[in-house]
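Each chain, written out:
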Amino acid sequence: MIELKGVRKSYGSFEVLKGISASVEKGEVVCIIGPSGSGKSTILRCINGLESYNSGDILVEGQRVDRDARSIISIRTQVSMVFQRFNLFPHRTVLENVIEGPVFVKKEPRREAIERARLLLAQVGLAEKADAYPPQLSGGQQQRVAIARALAMQPKAILFDEPTSALDPELVGEVLGVMRKLADDGMTMVVVTHEMGFAKEVADRVLFIDGGVIVEQGPSKDVLNQPQHARTQDFLRRVLHPL
Amino acid sequence: MQAFLRDAAEFLPILLEGVRLTILVTIGSLILSTLLGLVWAMMRVSSIKAISQTSAGIINVIRGIPIIVQLFYIYFVMPDLGVSLTALQAAIIGLGIAYSAYQAENFRAGIEAIDKGQIEAAQSIGMGWWMTMRRVVLPQAVRLVLPPYGNTMIMMLKDSSQASTITVAELALQGKLIASSTFKNTSVFTLVALLYLVMSIPLILFVRHFEKKGSRP
Ligand SMILES: Nc1ncnc2c1ncn2[C@@H]1O[C@H](COP(=O)(O)OP(=O)(O)OP(=O)(O)O)[C@@H](O)[C@H]1O
Ligand SMILES: [Mg+2]
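Summary of the structure given here. (Residues numbered from 1 in each chain as written. Chains lettered and ligands numbered in written order. Predicted model: local features only at pLDDT ≥ 70, side-chain atom pairs only at ≥ 80, totals over all residues. Heavy atoms only, no water.)

### Quick notes on the sheet that holds strand 9 (residues 205-210) of chain A
Residues and elements named next belong to chain A.
- One open sheet accounts for 6 strands, arranged 6-7-8-3-9-10; its pairing is mixed. Every interior strand has two partners, whereas the edge strands, strand 6 (79-82) and strand 10 (213-219), have only one. In this sheet, neighbouring strand axes are inclined to one another by 15 degrees on average, regardless of whether the strands run parallel or antiparallel.
- Relative to strand 8 (residues 188-192), strand 3 (residues 29-33) runs parallel, the two being bridged by 4 bridges. Bridging from a neighbouring strand, Ile32 pairs with Val192 of strand 8.
- Packing against the sheet, helix 2 (residues 71-78) makes contact with strand 6 and strand 7 (157-161), and its axis sits at approximately 65 degrees to strand 6.
- The strands touched by helix 9 (residues 230-240) are strand 3, strand 9 and strand 10; relative to strand 9, the strand with the most contacts, the crossing angle is about 100 degrees. (Pairing = 2+ DSSP bridges. Helix = DSSP H or I, 4+ residues; strand = E, 2+ residues; numbered from the N terminus. Axes fitted to C-alpha atoms, helices over the stretch in contact; angles between N-to-C directions. Contact = heavy atoms within 4.5 Å.)

What follows is the structure, encoded as structure tokens:
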């Protein structure tokens, strides 16, 4: 459902992605891991057109992602994104955040959108926060609202860019819990994360990126338990045993 | 004091006619400068170079020419080009254009202060440029922009007196005319100053209100 073929991307003379080829099937959960600056966020941002890419192809359900084409709007309504720093709209209530896309982009009737938003908020455990404003919520709560906002678009896939990295450690679990439930329900997910436990237990496949190339990929247990590449082994050792 | 009150009773009706024009010029040019300023500001933050540079050029030209010269241009030169305006219209347009540059810089600062993540979040749910502006960026920018906007309003109120240079008989000119025909300079100009002050006070309170509000999270 998402396909990358030889994707290259440079910032000026600095090549961030050096020919990325990968695919994500419907219902699959793929985790992207790798050191800081390796290009993980850039991959996600290219998939939903927040960044352009220089060459290669990215296809979403067979449709080519082109940041400057009108079709990008329809691609973005099919592929939602959850950000490291939540990026909720602080001037709107939780409920308004969730219905914003359905009502104003997809032009759904407001009543229906509100009904669904309340179900989604209940699903992420925040039914009683519907009328709160995002700054009044904890980081974990904000991220769960952001997930509900992504789900409200009824997307075919959701991209997560380090969804728990900005959270206090004790709040990480509640967000990962919601994500695990989504995975169990069959949502297609691409997750950039440093949470190796999540990758091992929830992901079907793991991609290890370093220096803009996919160094190693495969079923999550294989890559994480028996990494083949020296660079993967080295990275995992540093993540799992930082001291 | 009694003399002053007698003068006040005599001159106030004429001065209030000036006040009416002052308010008209201020509100008219405020609306025009706000609309134009918004246009310049949104062009200025465009990712398309040609658009943002055009806007930067316009802003610099406007800022680089004294308001009074802009007024002369619109009132005295435009008729030669086949566009004749009443003095009042010329004053509103001239001040509106002159102040649009300052409004634009203020609006731009407000827009640019909005976290880039907000724009990305808006785009990621499929919003186009205009909807992102209208639903996400501008509503948040308004809070940042309001206190300086209030200050601009106060300056515009006072600068509306420049309309007198193209014969608009607003408060300052009205005062000058009365003073020069009655020689009661003290009474007349005290009244004029007080009237400006009375008009400024609501604006000053407006600024204070939003500065307090803005300092809260
Ligand atoms: N707008 C930009 N201009 C120039 N360089 C950029 C820009 N955005 C990212 N980069 C560079 O591209 C490289 C890859 O960035 P990216 O954000 O994809 O890394 P990442 O793998 O997500 O890292 P992290 O784990 O720190 O989030 C980095 O070296 C970064 O400095
Ligand atoms: Mg990143």
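That covers the picture; the talk isn't over yet.
### Some thoughts on the interface of chain A and chain B
- Taken together, the contact pairs 23 residues of chain A with 18 residues of chain B.
- Here chain A and chain B share an interface that buries about 1,800 Å² over both sides, 55% of which is from carbon and sulfur atoms.
- Taken together, the connections running from chain A to chain B amount to 3 salt bridges.
- Here A:Arg45 ties to B:Glu120 by a salt bridge, and the two come within 2.8 Å at their closest N and O atoms.
- In this structure, the connection of chain A to chain B is made through 6 residue pairs in polar contact (both at pLDDT 80 or more).
- At the level of elements, helix 2, strand 6 and helix 3 (94-105) of chain A are the ones that each hand at least two residues to the side of chain A that touches chain B. (Buried area = accessible area lost by both parts, 1.4 Å probe. Salt bridge = Lys/Arg side-chain N within 4 Å of Asp/Glu carboxyl O. Polar contact = N/O pair within 3.5 Å; in protein donor to acceptor, adjacent residues only side chain to side chain.)

### Things to note about the packing of helix 2 (residues 49-64) of chain B against helix 4 (residues 87-112) of chain B
Residues and elements named next belong to chain B.
- The contact between helix 2 and helix 4 brings their axes to 8 Å, and the two run at 125 degrees. With respect to each other, helix 2 and helix 4 are oriented oblique. The two elements helix 2 and helix 4 meet at a crossing, and its hand is left-handed. Contacts from Ile59, Ile62 and Arg63 of helix 2 reach helix 4 at Ile97, Ala98, Ser100, Ala101, Tyr102, Ala104 and Glu105.
- Its residues assigned to classes, the contact of helix 2 with helix 4 shows 7 nonpolar, 1 polar and 2 charged. (Parallel < 35°, antiparallel > 145°, perpendicular 65-115°, else oblique. Left-handed = near helix turned anticlockwise from the far one by under 90°. Nonpolar A, V, L, I, M, F, W, Y, C, P; charged D, E, K, R; others polar.)

### Quick word on the nonpolar core
- Formed by 95 residues in total, the largest nonpolar core has its most connected members in A:Ile2, A:Leu121, A:Ile147, A:Phe160, A:Met179 and A:Met189.
- Here the element with the most residues in this core is helix 6 (residues 169-184) of chain A; it accounts for 8 residues.
- By size, the runner-up hydrophobic cluster in this structure holds 48 residues, among which are B:Phe4, B:Leu71, B:Leu146 and B:Ile154. (Core = buried A, V, L, I, M, F, W, Y, C linked by side-chain atoms within 4.5 Å. Buried < 20%, exposed > 50% of the residue type's maximum accessible area, 1.4 Å probe, protein only.)

### Observations concerning the pattern of salt bridges
- What the rule picks out here adds up to 21 salt bridges over all chains.
- Across the salt bridge formed by A:Arg116 and A:Glu108, the nearest N and O atoms sit 3.0 Å from each other.
- Residue A:Arg116 is classed as buried on the basis of its relative accessible area, which comes to 19%.
- A:Glu108 sits in the buried class, given a relative accessible area of 15%.
- Because the salt bridges share partners, they merge into one network encompassing A:Lys9, A:Arg45, A:Glu51 and B:Glu120.

### Topic: the side chain of A:Arg92
- By the element assignment, A:Arg92 lies in the loop between strand 6 and helix 3.
- A polar contact is formed between the side chain of A:Arg92 and the side chain of A:Glu100, at a distance of 3.5 Å.
- Among residues more than four places away in sequence, those in contact with A:Arg92 are A:Asn97, A:Glu100, A:Tyr133, A:Pro134, B:Arg135 and B:Pro139.

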